[in-house]
Amino acid sequence: MTDRKLKIAVIAGEVSGDLLGADLIAQLKHLHQGSVELVGVGGDALEAQGLKSLFDFSELSIMGVTQVLSKLPRLIRLISLTADAILAAEPDVLLIVDSPDFTHRVAKKIRRKRPDLPVVNYVCPSVWAWKEYRAKAMLDYVDDVLAVLPFEPAVMERLGGPRTHFVGHRLASHPDIRRVREARKARGTRPAGEPRTVLLLPGSRGSEIGQLLPIFGEAMKEFVARNGETRFILPTVPRQEARVREITQGWSLRPEIVLGDEEKWRAFEVADAAIAASGTVILELALAHVPVVSTYKGDWIIRLLSNRIKIWTGALPNLIADYAIVPEYFNDVLRPQSLVRWAERLSQETPQRAAMLQGYEDVWAKLQTERPAGETGAGVVLALLGQKGRL
């Protein structure tokens, strides 16, 4: 390993990708003897690693085809702006993290003008869910893929995609998740007679929150009507606090709104069950041993295209275990009454709760790796740079 200065272009379009990218960069700095300079797009975590984002990356946190279409002119400008800035910076490698609608378009533009620039894609696109042809198309602009799910390398090989490495999921070695998991398992169940605590997690995007939170509010009211005094905690991110407070302002029964990671993990530790938006948070809850029911509301175009989706579940714990662990409610079948009944069963000692927690053990076992995800991913990036003669 040399002490040559490295310039890394990195693009992350959402909070989860920002955390993944920052974790990998931190590990790369530890492994590489020289200095590391960053250029690109990211959020708080990557900025803490030294990135000065080209623009506020929350502009990329859009959900659904209709939102993409409505913001298409701005997205096209941001794609060009990002590609031009990275090309001008002349980096040694490009790291794109998740958000393929944006990051892959930037990578394609850059590869056309800099065919020699190594490109690493962190988080395999969900080609196993729909549009399988994307795997082979990635050969034109991606050298290596860092997969966070254990079944993805075999899928990419079957579909003729780029080299894919299972690096593990950063959540499997997350210190707060490990701490919460151990505390919950040591504590056991809530003593009989104590009020239950239910987490509400309506997502980190404004569109998700607007669609799901009113349904969660109805579920809150019915849960209390059926079960009496209950504590509801709603962890959110600072940039969505105003949106959450606006929606809940007129409610007769309001949740405790908490901000920041420390408060979030404290809420995870005390919760009896959770109602959450489908996404990475479902895996967080599973690894932390918090029973959950998963929810999702897509826009009308996604509903029309639903017959093209090949995946049997949207919950990551189910995909990893390859059997149903977490119950899911989508679109028209997403009703407060269903959420209430699941929250009742999952927040006390029942066969449903026991089965879910046993399933979580299988998920935990399948995600264990010899080294943390960021360290393994950083090793792949440095190996590629070595192959390309850039170290």
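Look up: the structure comes first, before these words.
Quick look at the structure, then. (Residues numbered from 1 in each chain as written. Predicted model: local features only at pLDDT ≥ 70, side-chain atom pairs only at ≥ 80, totals over all residues. Heavy atoms only, no water.)

### Structural notes on helix α7 (residues 152–159)
So, point 1. By the burial criterion, the buried members of α7 are Glu-152, Pro-153, Val-155, Met-156 and Leu-159. Buried residues along α7 cover an arc of 160° about the axis, so they all sit on one side. Of the exposed residues in α7, the ones pointing more than 90 degrees away from its buried face are Ala-154, Glu-157 and Arg-158.
So, point 2. On its buried side, α7 packs onto α6 (134–137), β5 (144–147) and β6 (163–166).
So, point 3. One or two positions beyond α7, positive phi appears at Gly-160, with a value near 80°. (Buried < 20%, exposed > 50% of the residue type's maximum accessible area, 1.4 Å probe, protein only. Helix = DSSP H or I, 4+ residues; strand = E, 2+ residues; numbered from the N terminus. Arc of directions from axis to C-beta. Contact = heavy atoms within 4.5 Å.)

### Regarding the pairing of strand β10 (residues 273–277)
So, point 1. When you tally the buried positions in β10, you get five out of five residues, the bulk of the element.
So, point 2. Across the two faces of β10 the burial is the same, with Ala-273, Ile-275 and Ala-277 and Ala-274 and Ala-276 all buried.
So, point 3. For strand β7 (residues 196–201) and β10, the ladder comprises four bridges, and the chain directions are parallel. Looking at β10, one finds that Leu-200 is bridged to Ile-275.
So, point 4. Across four bridges, the pairing between β10 and strand β11 (residues 292–296) is parallel. In the sheet register, Ala-276 faces β11, and the bridge partner there is Ser-294.
So, point 5. Tracing the backbone out of β10, into helix α12 (residues 280–287) and back to the parallel element β11 gives a crossover that is right-handed. (Pairing = 2+ DSSP bridges. Right-handed = clockwise from strand over helix to strand, strands pointing away.)

### Some remarks on helix α17 (residues 373–387)
Residue pairs spaced three or four apart in an α-helix point in one direction, given the helix's 3.6 residues per turn.
So, point 1. For α17, spanning 15 residues, the distance from its first C-alpha to its last is 21 Å, which sits close to the expected 21 Å at 1.5 Å a residue.
So, point 2. Taken together, the buried positions of α17 are Ala-373, Gly-374, Thr-376, Gly-377, Ala-378, Val-380, Val-381, Leu-382, Leu-384 and Leu-385.
So, point 3. At its buried positions, α17 is contacted by β1 (6–12), α1 (15–31), β3 (93–97), β4 (119–122), β5 and β6.
So, point 4. Gly-389 sits one or two residues past α17 and shows a positive phi near 70°. (Expected span 1.5 Å × (residues − 1).)

### Remarks on the packing of aromatic side chains
So, point 1. Inspection of the entire model under this criterion finds five aromatic pairs.
So, point 2. Between Trp-128 and Phe-151, the aromatic rings sit 5.5 Å apart at their centres with planes inclined by 80°, giving edge-to-face as the arrangement. Placement of the pair is Trp-128 in the loop between β4 and α6 and Phe-151 in the loop between β5 and α7, with a sequence separation of 23 residues.
So, point 3. A residue is classified by how much of its surface remains accessible, and Trp-128, at 16% relative accessible area, is buried.
So, point 4. On the basis of relative accessibility, which here comes to 23%, the residue Phe-151 falls in the partly exposed class. (Phe/Tyr/Trp six-rings, centres within 6.5 Å; stacked < 30°, edge-to-face > 60°.)

### Describing the pattern of salt bridges
So, point 1. Considering all chains together, one arrives at 25 salt bridges under this definition.
So, point 2. Note that Arg-111 is salt-bridged to Asp-143, the shortest N-O span being 2.9 Å. Of the two residues, Arg-111 sits in helix α5 (residues 100–113) while Asp-143 sits in the loop between α6 and β5, which places them 32 residues apart along the sequence. Comparing Arg-111 with Asp-143, the two get one shared label, buried.
So, point 3. With a closest N to O distance of 2.6 Å, Arg-266 and Glu-263 form a salt bridge. Taken as a pair, Arg-266 and Glu-263 lie in helix α11 (residues 261–270) at a separation of three residues, close to a single helical turn.
So, point 4. Where salt bridges share partners, they join Arg-4, Asp-92, Arg-114, Asp-116 and Arg-390 into one cluster. (Salt bridge = Lys/Arg side-chain N within 4 Å of Asp/Glu carboxyl O.)

### Concerning the packing of α11 against α12
So, point 1. Interhelical geometry of α11 versus α12 gives an angle of 55° and a closest axis separation of 10 Å. When the axes of α11 and α12 are compared, the pair comes out oblique. At the point where α11 passes α12, the crossing takes the right-handed sense. The segment α11 lies against α12, with Lys-264, Trp-265 and Phe-268 engaging Val-281, Glu-284 and Leu-285.
So, point 2. Considering only residue class, the contact of α11 with α12 consists of four nonpolar, no polar and two charged. (Axes fitted to C-alpha atoms, helices over the stretch in contact; angles between N-to-C directions. Parallel < 35°, antiparallel > 145°, perpendicular 65-115°, else oblique. Left-handed = near helix turned anticlockwise from the far one by under 90°. Nonpolar A, V, L, I, M, F, W, Y, C, P; charged D, E, K, R; others polar.)

### Structural notes on unusual backbone geometry
So, point 1. Its identity as a non-glycine residue notwithstanding, Ser-99 has a phi of 40°, on the positive side.
So, point 2. On the secondary structure map, Ser-99 appears in the loop between β3 and α5.
So, point 3. Although it is not a glycine, Asn-331 adopts a positive phi angle of roughly 45°.
So, point 4. Position of Asn-331 among the secondary structure elements: in the loop between β12 (328–330) and α15 (336–346).

### Concerning the sheet that holds β11
So, point 1. With parallel pairing, the six strands of this open sheet are ordered in space as β9-β8-β7-β10-β11-β12. Each end of this open sheet is capped by a strand with a single partner; those strands are β9 (256–259) and β12. This sheet shows a mean twist of 20° between the axes of neighbouring strands, independent of strand direction.
So, point 2. Its contacts with the sheet place α11 against β7, β8 (230–236) and β9, and it is angled at close to 145° to β8.
So, point 3. Each of β7, β10, β11 and β12 touches α15; the most contacted strand, β11, lies at about 160° to it.

### Here's the deal with the packing of α15 against helix α16 (residues 351–367)
So, point 1. Running from N to C, α15 and α16 point in directions that differ by 80°, and their axes come no closer than 7 Å. Between α15 and α16, the angle falls in the class roughly perpendicular. The segment α15 lies against α16, with Trp-342, Arg-345 and Leu-346 engaging Pro-351, Gln-352, Arg-353 and Met-356.

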